[in-house]
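Chain residues, written in single-letter form:
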Amino acid sequence: MVIKTRLITAAALCCGLLFSVAASASRLIPIEEAKNTPHASLPLPQYQGGTLSLQSVNDQVLLVDFWASWCGPCRESFPWMSDIQAKYKTQGLKVIAINLDQDKNQALNFLKKYPPGFTVLFDNKAAMPDRFGVIGMPTSYLVDREGRIRAVHTGFHQDQLGNYEQLITQLLAENKD
Amino acid sequence: MAVAVTNTMKKNHELAKILAAASCALVGGLSTAHAEESWDVDSAFLLYSESDGRVSAAEPVISATRNYDSETSLNFKLVADTLTGASPNGATPSDQVQTFTSPSGNGSYSAAAGEQPLDDTFRDTRVALSSNWAAPINRDWAYGVGGYVSKEHDYQSLGVSSSLSRYLNQKNTTLTLGLGASSDTINPEGGVPTGLFQVPEDASSSEFTQRNDSESKSIMDAVFGITQVVNRNTIMQFNYSINTSSGYLTDPYKILSVIDDDSTGNNYGGNYTVNNRNVYLYEKRPDSRLKQSLYWQTKHQFENNDILDVSYRYMFDDWGVTSHTVDAKYRFRFNNQYLEPQLRWYTQSKADFYSRYLDSSAYTEVDFASADYRLGDLDTYTIGLRYGYQFADETEFYTRFSLYHQESSGDDGYGKLTSQELYPGLDAAMLMVGYKF
Amino acid sequence: MSKRFVLLSLVGVVITTTGCSEMGVKAWERETLAQQEMSLINEPVESSLNDHVYFSKEASSGGQGFGGGGCGCN
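These numbers come from a predicted model, not from an experiment.

1. Observations regarding the overall build of chain A
Part 1 of the reasoning: A count of helical and extended segments in chain A gives 5 helices and 8 strands.
Part 2 of the reasoning: N-terminal to C-terminal, the α/β element order of chain A is α-β-β-β-β-α-β-α-β-α-β-β-α.
Part 3 of the reasoning: Across the 177 residues in chain A, those meeting the buried criterion constitute 50%.
Part 4 of the reasoning: In chain A, of all internal contacts separated by at least 6 residues, the share reaching a separation of at least 24 is 72%.
Part 5 of the reasoning: Entry remark: accessible area of chain A is about 8700 Å², with carbon and sulfur atoms responsible for 53%.

2. A look at the side chain of arginine 374 of chain B
Part 1 of the reasoning: Along the chain, arginine 374 of chain B falls in the loop between β22 (358-359) and β23 (377-390).
Part 2 of the reasoning: Of note is the side chain of arginine 374 of chain B, whose polar atom sits 3.3 Å from the side chain of aspartate 251 of chain B.
Part 3 of the reasoning: Apart from the residues lying within four places of it in its own chain, the contact partners of arginine 374 of chain B are Asp251, Lys254 and Gln348 of chain B together with Ser56, Lys57, Glu58 and Ala59 of chain C.

3. Side note on the nonpolar core
Within soluble globular proteins, side chains that are nonpolar tend to cluster in buried spots.
Part 1 of the reasoning: Ranked by internal contacts, the top residues of the largest apolar core, which has 51 residues, are Phe66, Trp80, Leu93, Ile98 and Met137 of chain A.
Part 2 of the reasoning: Excluding residues within four positions of it along the chain, phenylalanine 66 of chain A makes contact with Ile98, Leu100, Met128, Pro129, Phe132, Val134, Met137, Pro138, Thr139 and Tyr141 of chain A.
Part 3 of the reasoning: Counting residues in each nonpolar core, the second largest holds 17 residues, with Leu46, Tyr48, Ala57 and Tyr398 of chain B among its members.

4. Some thoughts on the sheet that holds strand β4 (residues 61-67) of chain A
Residues and elements named next belong to chain A.
Part 1 of the reasoning: With mixed pairing, 6 strands are arranged side by side in an open sheet as β1-β8-β7-β4-β5-β6. Where the open sheet ends on each side, the last strands, each with one partner, are β1 (35-36) and β6 (119-122).
Part 2 of the reasoning: Relative to strand β8 (residues 148-154), β1 runs antiparallel, the two sharing 2 bridges. Bridge pairing links lysine 35 to isoleucine 149 in β8.
Part 3 of the reasoning: With respect to the sheet, helix α2 (residues 72-88) is in contact with β4 and β5 (93-99), its orientation differing from that of β5 by roughly 155 degrees.
Part 4 of the reasoning: Against the sheet, helix α3 (residues 104-113) touches β4, β5 and β6, its axis set at about 165 degrees to β6.

5. What to know about the interface of chain C and chain B
Part 1 of the reasoning: Chain C puts 49 residues into the contact, and the matching count from chain B is 79 residues.
Part 2 of the reasoning: We note a salt bridge from arginine 331 of chain B to glutamate 43 of chain C, for which the minimum N-O separation is 2.8 Å.
Part 3 of the reasoning: One can count 39 residue pairs in polar contact (both at pLDDT 80 or more) joining chain C with chain B.
Part 4 of the reasoning: At the level of elements, α1 (2-20) and α2 (44-57) of chain C are the ones that each hand at least two residues to the side of chain C that touches chain B.
Part 5 of the reasoning: In terms of residues, the side of chain C that touches chain B owes the most to one element, α2 of chain C, which gives 10 residues.
Part 6 of the reasoning: Its residues assigned to classes, the side of chain C that touches chain B shows 17 nonpolar, 25 polar and 7 charged.

6. A few points about the confidence of the model for chain A
Part 1 of the reasoning: Model confidence for chain A is summarised by a mean pLDDT of 86, while 84% of its residues fall at 70 or above.
Part 2 of the reasoning: Here residues 10-25 of chain A is modelled with pLDDT under 50, and outside its nearest four sequence neighbours on either side it reaches 19 contacts, counting other chains as well.

7. Considering the pattern of salt bridges
Part 1 of the reasoning: Under the defined criterion, the tally for this structure stands at 31 salt bridges over all chains.
Part 2 of the reasoning: Measuring nitrogen to oxygen at the nearest pair gives 2.7 Å for the salt bridge that ties aspartate 317 of chain B to arginine 289 of chain B. Residue aspartate 317 of chain B is located in strand β19 (residues 307-317), and its partner arginine 289 of chain B is located in strand β18 (residues 288-301); the two are separated by 28 residues in the primary sequence.
Part 3 of the reasoning: Relative accessible area serves as the criterion here: at 9%, aspartate 317 of chain B is assigned to the buried category.
Part 4 of the reasoning: Given a relative accessible area of 11%, arginine 289 of chain B falls into the buried group.
Part 5 of the reasoning: With its nearest N and O atoms 2.5 Å apart, the salt bridge here joins arginine 386 of chain B to glutamate 46 of chain C. Of the two residues, arginine 386 of chain B sits in strand β23 while glutamate 46 of chain C sits in helix α2, which places them in two different chains.
Part 6 of the reasoning: On the basis of relative accessible area, arginine 386 of chain B is assigned to the buried category, the value being 0%.
Part 7 of the reasoning: What makes glutamate 46 of chain C buried here is its relative accessible area of 3%.
Part 8 of the reasoning: Connected through shared salt-bridge partners, Arg331, Glu340, Arg386, Glu396, Arg400 and Lys436 of chain B together with Glu43 and Glu46 of chain C make up one network.

8. Observations regarding unusual backbone geometry
Part 1 of the reasoning: Of note, the bond from methionine 137 of chain A into proline 138 of chain A is cis; its omega dihedral lies within 30 degrees of zero at -5 degrees.
Part 2 of the reasoning: For proline 138 of chain A, the position within the fold is in the loop between α4 (129-132) and β7 (139-143).
Part 3 of the reasoning: Despite not being glycine, asparagine 276 of chain B has its phi angle at roughly 70 degrees, a positive value.
Part 4 of the reasoning: Tracing the chain through its elements places asparagine 276 of chain B in the loop between β15 (273-274) and β16 (277-278).
Part 5 of the reasoning: The exposure class assigned to asparagine 276 of chain B is exposed, which follows from its relative accessible area of 76%.
Part 6 of the reasoning: Although it is not a glycine, asparagine 305 of chain B adopts a positive phi angle of roughly 80 degrees.
Part 7 of the reasoning: Inspection of the secondary structure assignment puts asparagine 305 of chain B in the loop between β18 and β19.
Part 8 of the reasoning: With a relative accessible area of 41%, asparagine 305 of chain B lands in the partly exposed category.

9. As for the pairing of strand β1 (residues 38-50) of chain B
Residues and elements named next belong to chain B.
Part 1 of the reasoning: Both β1 and strand β2 (residues 56-69) contribute to a ladder of 12 bridges, which runs antiparallel. Residue aspartate 42 lies in a different strand from β2, and its bridge partner there is serine 63.
Part 2 of the reasoning: In textbook terms, the turn of a hairpin is the stretch between consecutive antiparallel strands, and for β1 and β2 this stretch comprises 5 residues, one of which, aspartate 52, has a positive phi near 60 degrees.
Part 3 of the reasoning: As paired strands, β1 and strand β25 (residues 426-436) are joined by 9 bridges and run antiparallel to one another. By the bridge assignment for β25, glutamate 50 is matched with alanine 428.

10. A word on the packing of aromatic side chains
Part 1 of the reasoning: This model, assessed by the stated rule, comprises 24 aromatic pairs over all chains.
Part 2 of the reasoning: Measuring from ring centre to ring centre gives 5.8 Å for tyrosine 357 of chain B and tyrosine 414 of chain B, while their planes differ by 85 degrees; the resulting arrangement is edge-to-face. Note that tyrosine 357 of chain B is positioned in the loop between β21 (337-348) and β22 and tyrosine 414 of chain B in the loop between β24 (396-409) and β25, a separation of 57 residues in sequence.
Part 3 of the reasoning: Within the aromatic cluster, the residues linked to one another by ring pairs are Trp67, Phe78, Phe110, Tyr114 and Phe118 of chain A.
Part 4 of the reasoning: Positioned above the aromatic ring of tyrosine 54 of chain C, the side-chain terminus of arginine 344 of chain B is 3.5 Å from the ring centre.

11. Some details on the pairing of β5 of chain A
Residue and element names in this part refer to chain A.
Part 1 of the reasoning: Buried residues dominate β5, accounting for 7 of its 7 residues.
Part 2 of the reasoning: Both faces of β5 are covered, namely the face carrying Leu93, Val95, Ala97 and Asn99 and the face carrying Lys94, Ile96 and Ile98.
Part 3 of the reasoning: Bridge count for β4 against β5 is 7 bridges, and the pairing is parallel. From the neighbouring strand, phenylalanine 66 faces β5, where its bridge partner is isoleucine 98.

12. Some points on the sheet that holds strand β14 (residues 255-259) of chain B
Residues and elements named next belong to chain B.
Part 1 of the reasoning: Pairing is mixed across the open sheet formed by 3 strands, whose spatial order is β17-β14-β22. Edge positions in the sheet fall to β17 (280-282) and β22, since each has one partner strand and no second.
Part 2 of the reasoning: Where β14 lies against β17, 3 bridges are found, and the strand directions are antiparallel. Each bridged residue has a counterpart across the sheet, and for serine 257 the counterpart in β17 is tyrosine 280.

13. Considering the packing of α2 of chain A against helix α5 (residues 161-173) of chain A
Residues and elements named next belong to chain A.
Part 1 of the reasoning: Interhelical geometry of α2 versus α5 gives an angle of 30 degrees and a closest axis separation of 12 Å. Our classification of the angle between α2 and α5 gives roughly parallel. For the crossing formed where α2 meets α5, the hand is right-handed. Residue-level contacts link Trp80, Ile84, Lys87 and Tyr88 of α2 to Leu161, Tyr164, Glu165, Ile168, Thr169 and Leu172 of α5.
Part 2 of the reasoning: Split into classes, the residues belonging to the contact of α2 with α5 amount to 7 nonpolar, 1 polar and 2 charged.

Calculation criteria
- Residues numbered from 1 in each chain as written.
- Chains lettered and ligands numbered in written order.
- Predicted model: local features only at pLDDT ≥ 70, side-chain atom pairs only at ≥ 80, totals over all residues.
- Heavy atoms only, no water.
- Helix = DSSP H or I, 4+ residues; strand = E, 2+ residues; numbered from the N terminus.
- Buried < 20%, exposed > 50% of the residue type's maximum accessible area, 1.4 Å probe, protein only.
- Contact = heavy atoms within 4.5 Å.
- Areas by Shrake-Rupley, 256 points an atom, 1.4 Å probe, with all protein chains shown as cover.
- Polar contact = N/O pair within 3.5 Å; in protein donor to acceptor, adjacent residues only side chain to side chain.
- Core = buried A, V, L, I, M, F, W, Y, C linked by side-chain atoms within 4.5 Å.
- Pairing = 2+ DSSP bridges.
- Axes fitted to C-alpha atoms, helices over the stretch in contact; angles between N-to-C directions.
- Salt bridge = Lys/Arg side-chain N within 4 Å of Asp/Glu carboxyl O.
- Nonpolar A, V, L, I, M, F, W, Y, C, P; charged D, E, K, R; others polar.
- pLDDT = per-residue confidence, 0-100.
- Phe/Tyr/Trp six-rings, centres within 6.5 Å; stacked < 30°, edge-to-face > 60°.
- Lys NZ or Arg CZ within 6 Å of the ring centre and 35° of its normal.
- Parallel < 35°, antiparallel > 145°, perpendicular 65-115°, else oblique.
- Left-handed = near helix turned anticlockwise from the far one by under 90°.

Below, the structure is given as structure tokens:
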């Protein structure tokens, strides 16, 4: 009996000690606090041909998404990114999915199976994600027309899509000429 | 003060959020449909057969997992098994024919001179159902809850389990706390025998008529573990677990021989008799047991994609048992096939109250005693080979064949007993065939 | 014995977790770890059948682990 009580106490203590909860961002980062996109001038090979740097498409709102072919949630996010690109293309949204597979061939096989309705770049030497601060797969960044990171989203969660789309429309509406 | 209040409110708010998330996941998770949802089924059949006509078993299992997303899943598992054959009853072999009362008291079975006494009335069917739900709470936390129920004609078990995991260091480190509890009921054939009491001749004895129908035991366990990603190809886990059982921990079907230790008589080392009947006692174990174990596992994938999986467990308990287990598997991977040799080595030291037999001069003075070879000094070896073939549609056929060998050892007795084989080995073969779809 | 052991394990845990923060991989380096074959219990059905056999033939049981690692995607 003593052991049982001890066990329960220990368990409760452990839970208490361990518990700390991360907040999830649901608003745009204010302009004055926003950081510029790192590696903006770095050209990366494009799936659709040629190369592209983030700087070169600065006049648009960007959804920069880091993904890999082996990552389940990344696969899940593909249809959504295609949809959102089609829906907001005319308003100036550009979805750029940066592939981080070590082996580019695996990414190419994947793309054959799941054709993307958006721009795909290859960063197979992983030059970009460190300074972007990618901590999960996928991680996506909403970049405003001035090249500032205004929202960060880690993972792909069906229940957060509404909120995410709202941020996109907010950003598209910002200082529009 | 105001800050403190705000903090408390914030904490409560966060707690509410977690609870809401958890319940949403439970209720909502089951109904919201999404693209990646699927049922993964693993079904298998195990045939187990011991040499010399001892136990053989057939065990079908089906496990179905519903994946809601990459981290959320619901699993159901159904296992059935049927056992037939004979199992050692604990008595020593003898130079005389021995006759034993069957567990129910309504019959008897015997062992020829020099033969291992086996209870061939051993026969059982078990059905077990378990379920487990695992889901994230947020980026840093995940939880799991599970339940378990099993039934055989003389044994019922009901259990629950839960776990909480905390991810640290960009998910390279996972701390997990698991808690489990189960409540079991034993209703042996013929009722619950009185421990260390002489086995009566038949059910008409008063020992039988005053028996309880059932006994119970409860088990609680806790495990604390760290999983660590070492590098791109290596992952490691270290666990500490503690397990307490209390209640009826005795095996109601096991008995002990009382051996005549009067070195001046001509029955020295033979079965001790009273009124011309051999004396056998029902075994009796303490009513609590505390087990602790340390477990370490490492998995590494080589450049050629082959995978090495090695684990080690050290266990000790307050019955005096300590054990070491080493398990190693190496998976050779080809395009859509794999071949996996497996090795396992296990060694344990005996429980303090383990005794192969009791001495006639002292048997009335013991508090606990069991001659169950599973509580004695024991070494076991398993060698196995698993083969799998993955089809283009991502289903998999697999099979595994393994051989299990046990070696018991202990004190060899005295007088007549020394000519008997007190620690027979055991060999078993296992064949498993399965299909994943 | 038991108390000292628990204390020792706690110290071990602290050392391990501190040491562990030096180990590990970046989120985009989990290609191999994301494979189902690399999960610690990758054949749960085989494991449970084996555990059942060993449980009924030996004095020790349990102690083994659970998940962790893997894709750790998000």
